[in-house]
Amino acid sequence: MKTSSNFDYEFGGPIGALGTMIFLPLVTLLLTYWASVGSLEFNHILPAETSCSPDAGFVSMYISKLKDSSVLCPSCAESPVLISCACVIIGWFLFQVLLERILPCEIVLGAPLPDGSGKRLPYRINGHLAFWVTLLVLDIGWPKWTEISDESGIIKQILVFGRAPMTWLYDNYSTLAFVTIILTTMLSAYLYMKSFGKGLLLAVGGNSGNHVYDFFMGRELNPRWGGFDWKEFCELRPGLIGWMILNLAMMSKQYERLGYVTGSMILINIFQGLYVWDALYQERAILTTMDITTDGFGFMLVFGDLAWVPFTYSLQSRYLVDHDPHLQWPVLACIIGVNCFGYLVFRGANGQKDAFRRNPNAAEVSHLTYLQTKRGTKLLTSGWWGMARKINYTGDWIMGLSWCMVCGFESIVPYYYAIYFAILLIHRSIRDDHMCKEKYGDDWDKYKSIVPYRFIPGLI
Ligand code: NDP
């Protein structure tokens, strides 16, 4: 049996996990700030003056500076703003839970559980419908009390429905990110405590015995409240749909300011809106991904899904409100070309594998060659998956690059996504390679000799 001393740690072990848990929330807040100023500026992050005397010691002085910083602790001095933002984030989460619970759904079984029981968990698949209902509610169903005077001049309050005040999200963007970080930490703590309940299936990678590491990785594989699956829900709904809503809010703000919407802003909304829509339209495909089948639901995924995705992935649209690059249509047309190419590779590869995993004899994949493994499953060796072992990641990255390009070429800030995503995908491909080697043994080496390239055929 493995103990915390001989455990197969990832992410640099407990120290790396702790560092990541401190570093990523700070980066999230810094990115929201840099997107607003348009460059990597460090001058105003910590206030020059602090209310705490230097005699109070380094740590309390530092904490006091953090609390006084409008970047690292936005609106900390204004509790009404903090409370409003917390209410909005919690309300948004509950609204998505409500949609998941009440909208018609298809019940789809997940992959067999890794405990060898052969059991498969049922999932409520209605994310695509939730996506459209959310848009409809925000566009025409937002309730608001308004005053009208009747014929006798008496003023009455009536409830009307219309468009949500989206620009509020721009005005409180940093504070919303800050509050979300606090709430995701609380949710991670709850899920960690819950994971010590009896008879729960634990994730192999999040059960080292080291509290910090396991809190980060997530101990329980499929935390549930009855039929409500925390992980699958958080992977796709509040964060992903929230990202698109934040983009729409940035577009509304730009319209409010300029009286029109720029080409770059339209493109970023279409590109990223399509990406979110695609993920929800293909919701069932997530059931066979590493996040669902293998990883526990700890801080890494909770924070990633609910804070990192909406607040750092919407950075390009946030940047564009204040720093539109006024790109000419020929340049925008080239960027559309890059995005379409990336989407073709991404969707082509993911769709092909999904179809093949579902039914290898289906007409669209029956012509493809494959390697029959001793484990029973087959590995594609032609089509997209014969070109490179992670060609789906390459397509995804190319799409991400086009999102950065719509922001022009003057600032590095919007390009954070291409840099971060390259690191994420390289690391993820190494993790998957390691897991596949464990799953398939020698067959994996054989597959790698047939398909030697990882990302770009003939190159890397
Ligand atoms: P993959 O879709 O690449 O799935 C990996 C699994 O596919 C392997 O473990 C293996 O599982 C199976 N597989 C590998 N090679 C083959 C083959 N030749 N034939 C058939 N099956 C094969 O990985 P992810 O789940 O990481 O990513 C899915 C998509 O999500 C990607 O496009 C990625 O870019 C995207 N993504 C986006 C993120 C974002 O933040 N925007 C974050 C993470 C991912 P098995 O054999 O057991 O079926």
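Placed above this text is the structure.
Analysis parameters
- Residues numbered from 1 in each chain as written.
- Predicted model: local features only at pLDDT ≥ 70, side-chain atom pairs only at ≥ 80, totals over all residues.
- Heavy atoms only, no water.
- Helix = DSSP H or I, 4+ residues; strand = E, 2+ residues; numbered from the N terminus.
- Near = heavy atom within 4 Å.
- Polar contact = N/O pair within 3.5 Å; in protein donor to acceptor, adjacent residues only side chain to side chain.
- Areas by Shrake-Rupley, 256 points an atom, 1.4 Å probe, with all protein chains shown as cover.
- Nonpolar A, V, L, I, M, F, W, Y, C, P; charged D, E, K, R; others polar.
- Salt bridge = Lys/Arg side-chain N within 4 Å of Asp/Glu carboxyl O.
- Buried < 20%, exposed > 50% of the residue type's maximum accessible area, 1.4 Å probe, protein only.
- Phe/Tyr/Trp six-rings, centres within 6.5 Å; stacked < 30°, edge-to-face > 60°.
- Lys NZ or Arg CZ within 6 Å of the ring centre and 35° of its normal.
- Lys, Arg positive; Asp, Glu negative; His and termini not counted.
- Contact = heavy atoms within 4.5 Å.

### Section: unusual backbone geometry
- Positive phi values are uncommon outside glycine, yet Phe11 reaches one of about 55°.
- Tracing the backbone shows Phe11 in the segment before helix H1 (13–37).
- Phi at His326 is positive, roughly 50°, even though this residue is not glycine.
- Following the sequence through the fold, His326 ends up in the loop between helix H13 (315–322) and helix H14 (329–358).

### Focus on the site of the ligand
- Among the 26 residues in the neighbourhood of the ligand, the closest are listed as Tyr393, Asp396, Arg428, Lys439 and Tyr440.
- Residue Asn350 places a side-chain N or O atom 2.9 Å away from an oxygen atom belonging to the ligand.
- In the environment of the ligand, an oxygen atom lies 2.7 Å from a nitrogen or oxygen atom belonging to the side chain of Lys390.
- Calculation on the ligand without its partners gives an accessible area of 920 Å², and the protein chains cover 86% of this total.
- Going through the elements one at a time, H14, strand E8 (378–380), helix H16 (391–405) and helix H17 (416–440) are the ones with two or more residues in the shell around the ligand.
- At nine residues, H17 tops the list of elements feeding residues into the shell around the ligand.
- Each residue belonging to the shell around the ligand can be placed in one class, and the counts come to 14 nonpolar, three polar and nine charged.

### Let's talk about the pattern of salt bridges
- Here the structure, examined in full by the defined rule, presents 19 salt bridges.
- With a closest N to O distance of 3.1 Å, Glu283 and Arg237 form a salt bridge. A residue pair is termed long-range when its members are at least 10 positions apart, and Glu283 in the loop between helix H10 (263–281) and helix H11 (290–293) and Arg237 in the loop between helix H8 (230–236) and helix H9 (238–258) qualify at 46 residues.
- For Arg237, a relative accessible area of 0% puts it in the buried group.
- Notably, a salt bridge pairs Lys253 with Glu256, separated by 3.1 Å at the nearest N-O pair. With Lys253 and Glu256 both in helix H9 and three residues apart, the pair spans about one turn of that helix.
- Residue Lys253 is classed as buried on the basis of its relative accessible area, which comes to 8%.

### Thoughts on the packing of aromatic side chains
- All chains considered together, the criterion is met by 40 aromatic pairs.
- A centroid spacing of 5.1 Å and a plane angle of 35° characterise the contact between Trp403 and Tyr417, whose relative ring orientation is tilted. Of this pair, Trp403 sits in helix H16 while Tyr417 sits in helix H17, and the two are 14 residues apart along the sequence. The same class applies to Trp403 and to Tyr417, which are both buried.
- When the ring centre of Phe196 is taken as reference, the NZ or CZ atom of Arg219 above it lies at 3.9 Å.
- The positively charged end of Arg224 is found above the aromatic ring belonging to Tyr123, 4.8 Å away from the centroid.

### Examining the side chain of Arg219
- Mapped onto the secondary structure, Arg219 falls in the loop between helix H7 (211–217) and strand E5 (224–225).
- Put simply, Arg219 is tucked away with no salt bridge, and the nearest opposite charge, on Asp214, sits 4.4 Å away.
- A polar atom in the side chain of Arg219 sits 3.0 Å from the backbone oxygen of Ser195.
- Separated by 3.5 Å, the side chains of Arg219 and Asn207 make a polar contact.
- Not counting residues within four places of it along the chain, the set of residues in contact with Arg219 comprises Tyr192, Ser195, Phe196, Leu201, Leu202, Ala203, Gly206, Asn207 and Asp214.

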